[in-house]
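# Notes for the structure review
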Amino acid sequence: MLRELALHILDIVENSLNAGATRVTIDVNEDTPADRLTIQVADDGRGMDAEMVQRVTDPFFTTRTTRRVGLGIPFLKQATELCNGAFSIESQVGKGTTVTATFQHSHINRMPLGDLPNTILALVVGNSHADFVYRHRLDERSFEFDTRPIKAELGDVPLSEPGVIEYLRREISDSLAQIYGI
Ligand SMILES: Nc1ncnc2c1ncn2[C@@H]1O[C@H](COP(=O)(O)OP(=O)(O)O)[C@@H](O)[C@H]1O
Ligand SMILES: [Mg+2]
C-alpha cells in the first residue's frame, strides 16, 4: 500500500500519460466543513470502454483476462473505502478519463497528502510534451498552477533547466503554503 496520496496521484497521472494524454488536470479539494477530501485527475487520453473501466477497477471481477491488469487503481479505490469515501472512473473512448477519489478528511486511516510540490514537479519536468493543471482548494482559499502560460513565457528555455526547476518548485510550494496559511 502506498502511504501518501501524492504517490497515488503520481500513479493515476502516469496512467493518463501512458494513455497518450497531452493535458492532465489534477484537482485537490479539501472541504473541511464537509469533512471531505476529493482528488480528481482528468485527462484527454485514449479513454476506456465500460467493460475496461469495470475490469481495471476490480481486477478480480473477471477470472480470465488476456492482458495483465495492474493494481494502481484498485489500491486507490480500497484506500477511499477504508476512509468512508468513494471512488469512480468516468471514461469515454477517444475522449479521455476522469478519476475521482474522495475521503473523509478527518478519517484516522486517511493518508497524508504527502509531498505534492515535488510530485507535481517530477511530472511536469519529466513529461514536458504534456501540459498540466494543478488546482488545490482548501475551503475558501485556492490556487491554480498551469504549465501552459509558463511554457509560453519560457519560449526555448527547457523546463529541465536547473533555474527553471527551482522556480517551479518555489511557485508550487509557496502557493500551497499560502492556502495553508503558513
Ligand atoms: N487514464 C487512463 N486512460 C486510459 N486507460 C487507463 C487509464 N488509467 C488506467 N487505464 C488502464 O487501466 C489499467 C490499470 O491501471 P492501474 O490499475 O494503474 O495499473 P497499471 O498502471 O499497473 O496497469 C492500465 O494499464 C490502463 O490500461
Ligand atoms: Mg497505474
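Overview of the structure. (Residues numbered from 1 in each chain as written. Chains lettered and ligands numbered in written order. Predicted model: local features only at pLDDT ≥ 70, side-chain atom pairs only at ≥ 80, totals over all residues.)

## Some thoughts on the overall build of the protein
- When helices and strands are counted, the protein shows 6 helices and 6 strands.
- In terms of C-alpha radius of gyration, the protein reaches 17 Å, essentially the compact-globule figure of 16 Å for 182 residues.
- Taken along its principal axes, the extent of the C-alpha atoms in the protein is 50 × 40 × 25 Å.
- The buried share among the 182 residues of the protein stands at 29%.
- Counting contacts in the protein only where the partners sit at least 6 residues apart, residues at least 24 apart contribute 66% of the total. (Helix = DSSP H or I, 4+ residues; strand = E, 2+ residues; numbered from the N terminus. Rg over C-alpha atoms; globule rule 2.2 N^0.38 Å. Buried ≥ 20, exposed ≤ 12 C-beta atoms within 10 Å, placed from the backbone. Contact = placed C-beta atoms within 7 Å.)

## Quick look at the nonpolar core
- By size, the foremost hydrophobic cluster in this structure holds 34 residues, and its most contacted members are I9, V13, V24, I26, V41, I120 and F132.
- At the level of elements, helix 1 (5-18), strand 1 (23-31), strand 2 (36-43), helix 3 (72-81), strand 4 (96-104), helix 4 (116-126), strand 5 (131-138) and helix 6 (162-179) are the ones that each hand at least two residues to this core.
- Here this core takes 6 residues from helix 1, the largest share from any one element.
- With near-sequence residues (within four places) excluded, I120 lies in contact with Y134 and I172. (Core = buried A, V, L, I, M, F, W, Y, C linked by C-beta atoms within 7 Å.)

## Description of the sheet that holds strand 5
- Spatial ordering of the open sheet is given by 3-4-2-1-5-6, a layout of 6 strands whose pairing is mixed. Of all strands in the sheet, those with a lone pairing partner are strand 3 (86-92) and strand 6 (141-146), marking the two edges. Neighbouring strand axes in the sheet, compared pairwise and without regard to direction, differ in orientation by 10 degrees on average.
- Across the sheet, helix 6 touches strand 5 and strand 6, and the angle it forms with strand 6 is around 170 degrees. (Pairing = 2+ DSSP bridges. Axes fitted to C-alpha atoms, helices over the stretch in contact; angles between N-to-C directions.)

## Here's the deal with the site of ligand 1
- Close to ligand 1 lie 16 residues; N15, A19, G70, G72 and I73 are nearest.
- Listed by contribution, the elements that provide at least two residues to the shell around ligand 1 are helix 1 and helix 3.
- Take the shell around ligand 1: its biggest share by element is 3 residues, from helix 1.
- When the residues that make up the shell around ligand 1 are grouped by side-chain class, the tally is 6 nonpolar, 7 polar and 3 charged. (Near = placed C-beta within 6 Å. Nonpolar A, V, L, I, M, F, W, Y, C, P; charged D, E, K, R; others polar.)

## Things to note about the environment of L71
- Structurally, L71 can be placed in the loop between helix 2 (50-57) and helix 3.
- Along the primary structure L71 and D58 are separated by 13 residues, whereas in three dimensions their C-alpha atoms are 9.0 Å apart.

## A short note on the pairing of strand 5
- Where strand 1 lies against strand 5, 8 bridges are found, and the strand directions are parallel. The residue bridging E30 from the neighbouring strand is L138, located in strand 5.
- The pairing of strand 5 with strand 6 spans 6 bridges and is antiparallel. If you follow R137 over to strand 6, its bridge partner there is S142.
- Between strand 5 and strand 6, which follow one another and run antiparallel, lie 2 residues, and D139 among them has a positive phi close to 50 degrees.

## Details of the environment of S128
- Among the secondary structure elements, S128 is positioned in the loop between helix 4 and strand 5.
- Leave out the neighbours within four places in its chain, and S128 touches P158 and L159.

## Thoughts on the pairing of strand 2
- A one-sided burial pattern is seen for strand 2, the buried positions being L37, I39, V41 and D43 and the unburied ones R36, T38, Q40 and A42.
- In terms of strand pairing, strand 1 meets strand 2 through 8 bridges, oriented antiparallel. Each bridged residue has a counterpart across the sheet, and for V28 the counterpart in strand 2 is I39.
- Between strand 1 and strand 2, which pair antiparallel one after the other, the connecting turn spans 4 residues, and D35 there sits at a positive phi close to 55 degrees.
- Here 8 bridges tie strand 2 to strand 4, and the two strands are oriented antiparallel to one another. The residue bridging R36 from the neighbouring strand is Q104, located in strand 4.

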